[in-house]
Each structure stands twice: as structure tokens, then as C-alpha cells.
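# Breakdown of the fold
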Amino acid sequence: MVVGMASGKIILMGEHAVVYGQPAIAMPFSAVGIRATVTQEGQALSVSCAFYQGLVHEMPKIWESLKHAIRFSLYRIGAPTDPAIHIDIDSTIPAERGMGSSAAVAVAIARALFAFYQKELTDQELWDIVQSSEKIAHGNPSGVDAATTSGKQPVFFIKDKTIQPLEINVDAYLVVGDSGKTGHTLEAVKDVALLCQRNQEAKRWIEELGKLTRSAKELLSSGQTNILGQIMNQDHSLLQKLTVSDDILDQMVIVAREHGALGAKLTGGGRGGCMIALAENQRQAQDIAQALEDAGARQTWIQYLGE
Ligand code: MEV
């Protein structure tokens, strides 16, 4: 029996703009994660997870990205295409909520299968497997989810260029609120692309998002949480203009601000999924989390942002 692990992820700043070459700031979110366990079992390649139990070759089309992560890992390993093994996937990452579940499942599967066949998994190989699986799930992935669900540290990320460990010197807390509504990253990414083709202003919003992310990097390093909160609010307004927020996320952002958040915004692909709020201290974070739950959030988490 061999195990592969991956964590969830949170994008602090830069979602969507990162697809267009602007920077993003993202971090592994270890409060949630995925464990893939491989065992020698049965007659053919099979999988069990919350939404499917059975043979991999009979998996419905809707789980194509997961199937691809398994098949592509086996191919890269040089293993048989239909080995008599079973993969059990156990996840605490809410699916399709902007927490990187599709990338994380590919990371955990690749790690577990390479370990099972006692093959070294290089960073490049892991990247190739996760990104090709993400292309099926998200169409045009920037790679920020692949970088953070497989990593250990917050990163400053620029597509095809930079994955830089990020210095964070703030003494503050992040509250993560799950709206309970499934996000639609694939559609949201496509719609932003269409908007940019039709509307010159949308390109300017993307550039502004990039500027905000660069400012956030400086503020995280110098520990200026008040201004960081304002920058997060501005970021959310631009994401609204890009049409990737929705009424529930907007309402949660308002509730967080009304309960003392220094700033709040959606996180991830949007149109459902999760939001984040910045809190000055733990007490305030707990108040915000409670207020979000009272307002209907499915679940909340609190993460210390300092080292
Ligand atoms: C999804 O977690 C983040 C997006 O920016 C898409 C991507 O970067 O691939 C919306």
C-alpha cells in the first residue's frame, strides 16, 4: 500500500489575470487535502472516490481529467496500461470551489503511482502530468494551481516564467469561506477571454489586477496589513467587472467587511466557490468566520498568514 498526498490552495491575489501573464500570489492550504492510496488488488485498474467507484476505463466522461492523471502517470512510469491495482482517493477539499481540487487530485495520484512503482517523480514530470490533466478540467490553466497544490510555500507566480517563494511578514489571519455553491472555472475563464476580445477596457482591468498583485507582494513583505486589505477590496471590484463573482460571493464579501475584515475578495475561479477575508487578529477572524456561517457559508477556515 502506497500513499501520495497533496494540499488545497488559496489564491490571495491575481486569479484570472494570471492566465494573461500577470502575477498571482497563491499558497498551499493545508487545512484541506487529498490522499491517494494505491494497492495491488483486483483484476484491472480501478478507483474509488466520493463520486465514483469502479473500473477506470468505465469512468464517465465528466471525470476525464482524473482518468487522464491516472493514465498519463502510468504512461510516464512505463507501467502496463491496465494494471491490477486499486486507487483510493480520499479528499477533504470541497470539489469545484476554487481550492485546487482538480490539480491536487492529479498531484496525489502521480505521487502515489510513482511511489508504488518505485520510480522517481521529478518536478518537471509532476508538472507535465498535472498541467495536462488541468487542461482537460480548466481549458487554459496558468499553472498556479499545479504550483501550489504540490508545493509547501506561498509563491509569487507568473505563467511560464516565475515560481518564486514569497516572503510574508504579516501578523494577520486569513478567513476562508465556502459559499457551498459549485464554481465554474472553465466557463469563467472562457468568458473572461471573450470579454477581453470584445472590450478593450477588460484588458486594462487585467493590467490593474496585475499592479494590485505586485503591490500586495510588497505589502506582504513589509507587513502593512491595512493597505493590503484595501488592495484585496479593489481586486474584488475588478473581478466583479470581469463578471467572475456572483451574488452569493458578493454578499459574503460584504458580511466579512461589515464584521471587521481589513479586506475581502473572492478566491479562485469564482462564480461560486470560495472567498477570503483578511483579519487583524484571531478574535476578529473568529467573528468573521461566525458571521459568514450565520449568513449561510457552508464551511469556514482560519489560517495564520505569518510564518
Ligand atoms: C483557478 O484556480 C485560477 C484561474 O486564474 C485559472 C488559472 O489560473 O488557471 C481562474
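Residues numbered from 1 in each chain as written. Predicted model: local features only at pLDDT ≥ 70, side-chain atom pairs only at ≥ 80, totals over all residues. Heavy atoms only, no water.

Each helix and strand in the protein was counted, giving 9 helices and 11 strands. Since a compact globule built from 307 residues should have a radius of gyration of about 19 Å, the 19 Å found for the protein is in line with a globular shape. With the C-alpha coordinates of the protein rotated into their principal frame, the extents come out at 55 × 45 × 35 Å. Burial statistics for the protein: of 307 residues in total, 57% are counted as buried. Sequence-distant contacts in the protein: of pairs separated by 6 or more residues, those separated by 24 or more amount to 73%. Distance from the positive charge centre (27 side chains) to the negative charge centre (34 side chains) of the protein: 6 Å. (Helix = DSSP H or I, 4+ residues; strand = E, 2+ residues; numbered from the N terminus. Rg over C-alpha atoms; globule rule 2.2 N^0.38 Å. Buried < 20%, exposed > 50% of the residue type's maximum accessible area, 1.4 Å probe, protein only. Contact = heavy atoms within 4.5 Å. Lys, Arg positive; Asp, Glu negative; His and termini not counted. Charge placed at Lys NZ, Arg CZ, Asp CG, Glu CD.)

UniProt's feature table lists "domain: GHMP kinase C-terminal" (unreviewed entry) at residues 218–296, given in the numbering used throughout. Between the end C-alpha atoms of residues 218–296 there is a gap of 34 Å, over a span that is 59% helix and 14% strand. (UniProt positions renumbered as here; feature names shortened; annotations may be inferred.)

Time to look at the side chain of Thr 225. Position of Thr 225 relative to the elements: it lies in helix α7 (residues 225–241). Residue class for Thr 225 comes out buried when judged on its relative accessible area of 13%. What Thr 225 contacts, discounting residues up to four positions off in sequence, is Val 170, Ala 172, Leu 262 and Leu 278.

This next bit is on unusual backbone geometry. A positive phi is found at Gln 118, a non-glycine position, where the angle reads about 55°. Mapping Gln 118 onto the fold places it in the loop between α2 (101–116) and α3 (123–138). Here Gln 118 falls in the exposed class, since its relative accessible area comes to 73%. The phi torsion at Thr 243 lies on the positive side, around 70°, for a residue other than glycine. One can find Thr 243 in the loop between α7 and α8 (247–258).

Once that is clear, we can look at the site of the ligand. Around the ligand, the neighbouring residues are Lys 9, Ile 11, Glu 15, His 16, Val 18, Val 19, Pro 141, Ser 142, Val 144, Asp 145 and Gly 269. In this structure, an oxygen atom belonging to the ligand sits 2.6 Å away from a side-chain N or O atom of Ser 142. Taking Asp 145, its side chain carries an N or O atom lying 3.0 Å from an oxygen atom of the ligand. In the complex, 98% of the free accessible area of the ligand, which totals 300 Å², lies under the protein chains. Mapped by element, the contributors of at least two residues to the shell around the ligand are β1 (2–13) and α4 (144–149). Among the residues forming the shell around the ligand, the class breakdown is 5 nonpolar, 3 polar and 3 charged. (Near = heavy atom within 4 Å. Polar contact = N/O pair within 3.5 Å; in protein donor to acceptor, adjacent residues only side chain to side chain. Areas by Shrake-Rupley, 256 points an atom, 1.4 Å probe, with all protein chains shown as cover. Nonpolar A, V, L, I, M, F, W, Y, C, P; charged D, E, K, R; others polar.)

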